[in-house]
Amino acid sequence: LGTAIAAGLYVWAYARANPDFVSDFDQVWAAARGLWTGRDPYKLVGPRGAFLWKWPLYYPLPAILIASPLGLLPLIAARVTFAAISAGSLAYALSRDGYARLLSLLSISFVTAVELVQWSPLLTAGMLLPSLAWTAVAKPNLGAAMAAYWSSRPTVIVMAIGSAALVAVSF
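Parameters and conventions
- Residues numbered from 1 in each chain as written.
- Predicted model: local features only at pLDDT ≥ 70, side-chain atom pairs only at ≥ 80, totals over all residues.
- Heavy atoms only, no water.
- Helix = DSSP H or I, 4+ residues; strand = E, 2+ residues; numbered from the N terminus.
- Buried < 20%, exposed > 50% of the residue type's maximum accessible area, 1.4 Å probe, protein only.
- Phe/Tyr/Trp six-rings, centres within 6.5 Å; stacked < 30°, edge-to-face > 60°.
- 1 Å grid on protein atoms, 1.4 Å probe; cavity = no way out; pocket = protein on both sides within 12 Å on 5 of 7 lines; lining within 4 Å.
- Points joined across faces, edges and corners; volume = space filled by probe spheres on them.
- Nonpolar A, V, L, I, M, F, W, Y, C, P; charged D, E, K, R; others polar.

Student: Help me out: how do you make sense of unusual backbone geometry in this one?
Tutor: With the exception of glycine, most residues fall at negative phi, and the peptide bonds are largely trans. Located in the positive-phi region is Val117, a residue other than glycine, with phi close to 55°. Relative to the assigned elements, Val117 resides in the loop between α6 (108-115) and α7 (120-128). A residue is classified by how much of its surface remains accessible, and Val117, at 1% relative accessible area, is buried.

Student: What should I look at first to understand the packing of aromatic side chains in this one?
Tutor: Under the criterion given, the structure shown has six aromatic pairs. Relative to Trp119, the ring of Tyr59 lies with its centre 6.0 Å away and its plane at 35°, an arrangement referred to as tilted. Placement of Tyr59 in the loop between β2 (51-52) and α4 (61-67) and of Trp119 in the loop between α6 and α7 is noted, with a sequence separation of 60 residues between them. Taken individually, Tyr59 and Trp119 each receive the classification buried, so the pair is uniform in this respect. Through a chain of ring-to-ring contacts, the aromatic side chains of Phe25, Tyr59, Phe82 and Trp119 assemble into a single cluster.

Student: Is there a simple way to explain empty space enclosed by the protein in this structure?
Tutor: Unoccupied space between atoms shows up once a probe the size of one water molecule is rolled over them. Enumeration according to the criterion identifies one cavity of 30 Å³ or more in this entry. By volume, the largest cavity amounts to about 30 Å³. Around the largest cavity, the lining residues are Phe82, Ala83, Ser86, Ala87, Ala113, Val114, Val117, Gln118 and Pro121. Those elements that place two or more of their residues in the lining of the largest cavity are α5 (75-95) and α6. Ranked by residue count, the leading element in the lining of the largest cavity is α5, at four residues. Residue classes in the lining of the largest cavity are distributed as seven nonpolar, two polar and no charged.

Student: It is not clear to me how the layout of surface pockets should be interpreted in this structure. Could you clarify?
Tutor: Looking at the largest pocket, its volume works out to about 260 Å³. What lines the largest pocket is a set of 17 residues, and nearest its centre among them are Asp24, Gln27, Tyr58, Tyr59 and Lys139. The leading source of residues in the lining of the largest pocket is helix α8 (residues 140-149), at three residues. A per-class count over the lining of the largest pocket returns 11 nonpolar, four polar and two charged. Of the voids in this model, the second largest pocket is the one considered here, and its volume is about 170 Å³. Every residue lining the second largest pocket is listed: Ile66, Ala67, Pro69, Leu70, Thr81, Phe82, Ile85, Ser89, Leu122, Leu132, Trp134 and Thr135. At the level of elements, α4 and α5 are the ones that each hand at least two residues to the lining of the second largest pocket.

This is the structure we're talking about:
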């Protein structure tokens, strides 16, 4: 809980100090917001879209569905919420077998991932917690690596069923 609060506060403070900052999550938020208004997220986000981004939206629709509740929030609140949930989930996953692995939360890699509001803390938590294995579908290239890591049949089943459900809803 402490990590989630710290991550959320950091993202909020960073946004206040850098009002022109654009996070990696912003394109997903804009796409999720577009879903709520019935717009095509792949036309909405990109170099020629209403939400200007250097590249087209490359995230699969299941990733947008995962983020869709955050599309109802203002951008900064959505960033804070996503970063807090992701960081808190990772801290919980790391501390399940003791607290020694929590030192990794002090790394520049983790701090940067929180600052940029990236998916890596959530996906790493998904790799360590069977109940979050279904998040692998958000980034299929990393999801394949996550699946290769898992040796537990129940975890692979959770990933497969959760991912299949999100893909089915996407269609």
